[in-house]
Amino acid sequence: MLTTLRHKHLLGIADLSPDEIVLVLDTAEAMKEVGQRTIKKVPTLRGRTVINLFFEPSTRTRTSFEIAEKRLSADTLNVAIASSSVVKGETLVDTAMNLEAMAPSMIVLRHASSGACHLLSRICKASIVNAGDGMHEHPTQALLDAFTIRERKGRLGGLKVAIVGDLLHSRVLRSNVLLLTKLGADVWVCAPATLIPPGLKQMGVTVTTRVDEAVAGADVIMMLRIQLERMQGAFFPSQREYFSTFGMTEARVARAKPDVIIMHPGPINRGVEIASEVADGPHSVILDQVANGVAVRMAVLYLLAGEPQNNAAAD
Ligand code: CP
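A.B. asks: How would you summarise the pairing of strand S4 (residues 127–133) if you had to cite specific residues and measurements?
C.D. replies: A large share of S4 lies buried, amounting to seven of its seven residues. In this structure, strand S3 (residues 106–111) lies alongside S4, joined through five bridges in parallel fashion. When the sheet's bridge partners are listed, Val-108 is paired in S4 with Val-129. Assessed by its sense of winding, the connection that carries the chain from S3 through helix H4 (residues 116–123) to S4 is right-handed.

A.B. asks: Tell me about the packing of aromatic side chains, residues and numbers included.
C.D. replies: By the definition in use, this model includes two aromatic pairs. Ring geometry for Phe-236 against Tyr-242: centres 5.0 Å apart, planes inclined by 45 degrees, an arrangement best described as tilted. The pair Phe-236 / Tyr-242 is uniform in exposure class, with both members buried. Aromatic side chains Tyr-242 and Phe-246 sit 5.4 Å apart centroid to centroid with 25 degrees between the ring planes, which places their arrangement in the stacked category. Of this pair, Tyr-242 and Phe-246 both sit in helix H8 (residues 239–246), four residues apart, roughly one helical turn. Summarising the burial analysis for this pair, Tyr-242 and Phe-246 share the class buried. Taken together, the ring pairs connect Phe-236, Tyr-242 and Phe-246 into an aromatic cluster.

A.B. asks: Just give me the short version of the nonpolar core, but keep the residues and values in it.
C.D. replies: A general trend in soluble globular proteins is that nonpolar side chains are found buried together. Core analysis: the biggest nonpolar cluster contains 89 residues, and Leu-143, Ile-163, Val-189, Ile-221 and Met-248 have the highest contact counts within it. Ranked by residues supplied to this core, first place goes to helix H11 (residues 286–304) with 10 residues. Here this core spans two domains, and each of domain 1 (13–137 + 292–304) and domain 2 (139–290) adds at least three residues to it. Those residues in contact with Ile-163, other than ones at most four positions away along the chain, are Leu-173, Asn-176, Val-177, Leu-180, Val-187, Trp-188, Val-189, Cys-190, Met-222 and Leu-224. In this structure, Leu-53, Ile-81, Ile-107 and Ala-126 belong to the second largest nonpolar core, which totals 16 residues.

A.B. asks: Can you lay out the pairing of S3 for me, pointing to particular residues and giving the numbers?
C.D. replies: The buried count for S3 comes to six of six residues, which makes it a mostly enclosed element. Alignment of strand S1 (residues 49–54) against S3, held across five bridges, turns out to be parallel. Bridging from a neighbouring strand, Asn-52 pairs with Val-108 of S3.

A.B. asks: Let's hear about H4: which residues, and what values?
C.D. replies: Every buried residue of H4 is listed here: Ala-116, Cys-117, Leu-120 and Ser-121. Projected down its long axis, H4 carries its buried residues within an arc of 135 degrees, all on one side. Summarising the contacts, the buried residues of H4 are in contact with helix H3 (92–100), S3 and S4.

A.B. asks: Let's hear about the sheet that holds strand S7 (residues 206–208): which residues, and what values?
C.D. replies: Across the sheet, which stays open at both edges, the five strands sit in the order S7-S6-S5-S8-S9 with parallel pairing between neighbours. At either margin of the open sheet sits one strand with a lone partner, and together these are S7 and strand S9 (261–263). The average angle at which neighbouring strand axes cross in this sheet is 20 degrees, direction not considered. Judged from the five bridges that link them, strand S5 (residues 160–164) and strand S6 (residues 186–190) form a sheet pairing that is parallel. Paired with Lys-160 across the strands is Asp-186, a residue of S6.

A.B. asks: Give a detailed account of the layout of surface pockets, specifying residues and quantitative values.
C.D. replies: Size it by volume and the largest pocket reaches roughly 450 Å³. Along the wall of the largest pocket there are 23 residues; nearest its centre are Arg-110, Arg-171, Arg-225, Gly-266 and Pro-267. Taken together, the elements giving at least two residues each to the lining of the largest pocket come down to helix H2 (60–71) and helix H6 (171–182). Looking at the lining of the largest pocket residue by residue, the classes come out as five nonpolar, 11 polar and seven charged.

A.B. asks: So, the domain arrangement of the protein chain: which residues are in play, and what are the values?
C.D. replies: Each domain of the protein chain was delimited in the assignment, giving domain 1 (13–137 + 292–304) and domain 2 (139–290). Summarising the inter-unit geometry, the C-alpha centres of domain 1 and domain 2 are found 25 Å apart. Every contact between the two is made by 30 residues of domain 1 and, on the other side, 29 residues of domain 2. Here domain 1 and domain 2 share an interface that buries about 2,600 Å² over both sides, 62% of which is from carbon and sulfur atoms. The largest per-residue losses of area from domain 1 upon contact with domain 2 belong to Ile-13, Arg-60 and Asn-292, which jointly make up 26% of the total buried on that side. Viewed at the interface, domain 2 and domain 1 are joined by four salt bridges. Residues Glu-29 and Arg-150 are paired through a salt bridge, measuring 2.7 Å at the closest nitrogen-oxygen approach. Those elements that provide at least two residues to the side of domain 1 that touches domain 2 are helix H1 (18–34), H2, S3, S4 and H11. Per-element accounting of the side of domain 1 that touches domain 2 gives the leading share, nine residues, to H1. When its residues are assigned to classes, the side of domain 1 that touches domain 2 shows 14 nonpolar, seven polar and nine charged.

Procedures and definitions
- Residues numbered from 1 in each chain as written.
- Predicted model: local features only at pLDDT ≥ 70, side-chain atom pairs only at ≥ 80, totals over all residues.
- Heavy atoms only, no water.
- Buried < 20%, exposed > 50% of the residue type's maximum accessible area, 1.4 Å probe, protein only.
- Helix = DSSP H or I, 4+ residues; strand = E, 2+ residues; numbered from the N terminus.
- Pairing = 2+ DSSP bridges.
- Right-handed = clockwise from strand over helix to strand, strands pointing away.
- Phe/Tyr/Trp six-rings, centres within 6.5 Å; stacked < 30°, edge-to-face > 60°.
- Core = buried A, V, L, I, M, F, W, Y, C linked by side-chain atoms within 4.5 Å.
- Domains from an automatic or database assignment.
- Contact = heavy atoms within 4.5 Å.
- Arc of directions from axis to C-beta.
- Axes fitted to C-alpha atoms, helices over the stretch in contact; angles between N-to-C directions.
- 1 Å grid on protein atoms, 1.4 Å probe; cavity = no way out; pocket = protein on both sides within 12 Å on 5 of 7 lines; lining within 4 Å.
- Points joined across faces, edges and corners; volume = space filled by probe spheres on them.
- Nonpolar A, V, L, I, M, F, W, Y, C, P; charged D, E, K, R; others polar.
- Buried area = accessible area lost by both parts, 1.4 Å probe.
- Salt bridge = Lys/Arg side-chain N within 4 Å of Asp/Glu carboxyl O.

Below is the structure:
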């Protein structure tokens, strides 16, 4: 039975085998139990320093990494980019090299550039954990999504998962497609043609522009945020028209399985990609996803901090 990860860093789901994904999910179950205790703390990362380096805004990911680190007894600190020397023009590499000089065990990085985490993994001794890099990957989001699906459905293999929204700009989409196809889910993706990136079909998913077709008989509907901040041009006529054609309404949810779960990584654009009645309704597991993020990130940090000899395949 697998007990460790092969790599020293978590850069993306692309680097994880199906067995490694299951190991993270199983480990997260034990970590979730820690979060249900009165004293929510174990000594696993005592004496290790973890730096959270977020160059983009975050509520859920940054907070849950920090809570996860504290529950594992790590010495954790957040670099406030707005009051760091980044504003004086210091580069990502120089920032990382200077933080590295203070000997952290891990750096959790969110950055607007795809590949920023790969870059740091080549120059840092610390383990690099990808907390979202550009439009590339958001691996811990996909892992917490998988954990939430497995918790509700008991499995991932064979489930119909419909992912609807801004596919073009979404790192969450990419990580989820990689993970869900590795574990045997039947993945459908849906967006206006202008928001469908090339190469999706080759990743083993069914692509459609018809939302009713995507959600028909679905076990899971995962909505993606319209990322207005990454859009330079007009990808659809108006937010009102987007909602009318692609927005998740109660009427559309009724086309899925009766026990469908509704997911969204957040933050939500209410009335744009999802109606409030759906986001807050009986099928929604959106806040379960947030809660599970802590346990999954504890599992990732714990597994990456394994004994050095277990991480010999570090890339
Ligand atoms: N899902 C997610 O990454 O949310 P934040 O941007 O708030 O971290």
